[in-house]
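Examining the three-dimensional arrangement
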Amino acid sequence: MKIRPARTDDADVLTTIAFESKRHWDYPEEYFKIWEQELTITKEYIQNAIVFVGEINEKAIGFYSILFNPEDSMFGKVFVAKGYWLDHIFISPTYIRKGIGTKLMEHVRKTCSDRGISRLMVFSDPFSKGFYERIGASYLYDSASSIEGRTLPVFEIKVTTI
């Protein structure tokens, strides 16, 4: 797998990957109306975030993005602490459980190390909790979600910087 910086013309394919990956877990369709904005990757998002794409044979099969939140903030009922966040990591369903997520996370850690980012926070999908535990992330707390009555585990990923 090759990992490269995202280009603005990747926006549509990354949005497709995000929605397909989330649909893999058989969430109710009404959730996708609530998630539409956060799962849609725009050209502006790619320009303003750290976004990398994983490819096989020049076909995008996954991506991740890192955002900096400049201050503690509330988004509806969701508290987002100041700092760097792993905003997205999505893999096309065909490639889930084939080591792609682990390779992307290795790249995340290198990207953070190269940029002097010592820790990332992440709101984990409940189905991804085991993945974050396997890669050595530390569980911090459960957070409110954009879905009423649902919570999300929040993890911290420590990064060794040079």
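Everything numeric here is computed off the predicted structure, so don't read it as measured data.

Definitions and limits used
Residues numbered from 1 in each chain as written. Predicted model: local features only at pLDDT ≥ 70, side-chain atom pairs only at ≥ 80, totals over all residues. Heavy atoms only, no water. Helix = DSSP H or I, 4+ residues; strand = E, 2+ residues; numbered from the N terminus. Rg over C-alpha atoms; globule rule 2.2 N^0.38 Å. Buried < 20%, exposed > 50% of the residue type's maximum accessible area, 1.4 Å probe, protein only. Phe/Tyr/Trp six-rings, centres within 6.5 Å; stacked < 30°, edge-to-face > 60°. Lys NZ or Arg CZ within 6 Å of the ring centre and 35° of its normal. Salt bridge = Lys/Arg side-chain N within 4 Å of Asp/Glu carboxyl O. 1 Å grid on protein atoms, 1.4 Å probe; cavity = no way out; pocket = protein on both sides within 12 Å on 5 of 7 lines; lining within 4 Å. Points joined across faces, edges and corners; volume = space filled by probe spheres on them. Axes fitted to C-alpha atoms, helices over the stretch in contact; angles between N-to-C directions. Parallel < 35°, antiparallel > 145°, perpendicular 65-115°, else oblique. Left-handed = near helix turned anticlockwise from the far one by under 90°. Contact = heavy atoms within 4.5 Å. Nonpolar A, V, L, I, M, F, W, Y, C, P; charged D, E, K, R; others polar. Pairing = 2+ DSSP bridges.

Now for the overall build of the protein. Along its length, the protein carries 5 helices and 9 strands. Along its sequence from the N terminus, the protein presents helices and strands in the succession β-α-α-α-β-β-β-β-β-α-β-α-β-β. In terms of C-alpha radius of gyration, the protein reaches 15 Å, essentially the compact-globule figure of 15 Å for 162 residues. Principal-axis analysis of the C-alpha atoms places the extent of the protein at approximately 40 × 40 × 30 Å. In the protein, which comprises 162 residues, the proportion classed as buried is 48%.

Scanning all chains against the criterion turns up 14 aromatic pairs. Between the aromatic rings of F52 and Y64, the centroid separation amounts to 5.5 Å while the plane-to-plane angle is 25°, which identifies the pairing as stacked. In this pair, F52 sits in strand β2 (residues 50-56) while Y64 sits in strand β3 (residues 59-69), placing the two residues 12 residues apart along the sequence. Each member of the pair, F52 together with Y64, is buried. The ring of W35 has K22 sitting right over it, with the charged end atom 4.6 Å from the ring centre. The ring of F32 is capped by R23, whose NZ or CZ atom sits 4.3 Å from the centre of that ring.

Tallying each qualifying case throughout the model produces 11 salt bridges. With its nearest N and O atoms 2.8 Å apart, the salt bridge here joins R4 to D10. A salt bridge links E148 to K77; its shortest N-O distance comes to 3.4 Å. Remark: K77 occurs in the loop between β4 (73-75) and β5 (78-80) and E148 occurs in the loop between β8 (138-144) and β9 (151-158); sequence separation between them is 71 residues. The pair formed by E148 and K77 is uniform in burial state, with each residue classed as exposed. Residues participating in the shared-partner salt-bridge network are R4, R7, D9, D10 and E55.

Over the atoms rolls a probe the size of a water molecule, and its path tells where empty space is left. The computed volume of the largest pocket comes to approximately 1,500 Å³. Along the walls of the largest pocket sit 49 residues, with L86, D87, H88, F90 and F123 positioned nearest its centre. Sorting elements by how many residues they give to the lining of the largest pocket places strand β6 (residues 83-91) first, with 7 residues.

In a pair of packed helices, the angle between the axes and the distance between the axes together describe the arrangement. It is the contact of helix α1 (residues 11-23) with helix α2 (residues 29-39), at a shortest axis distance of 11 Å, that shows an interaxial angle of 150°. In terms of orientation, α1 lies roughly antiparallel with respect to α2. Crossing hand, α1 versus α2: right-handed. Where α1 approaches α2, its residues T15, A18, F19, K22 and R23 are matched on the opposing element by E29, F32, W35, E36 and L39. Looking at side-chain class alone, the contact of α1 with α2 contains 5 nonpolar, 1 polar and 4 charged residues.

Here β2 lies mainly inside the structure; 6 of its 7 residues are buried. When β2 meets β3, the two strands line up antiparallel, connected through 7 bridges. When the bridges of β3 are listed, I56 appears paired with K59. Adjacent in sequence and paired antiparallel, β2 and β3 are bridged by 2 residues, among which N57 carries a positive phi angle near 50°.

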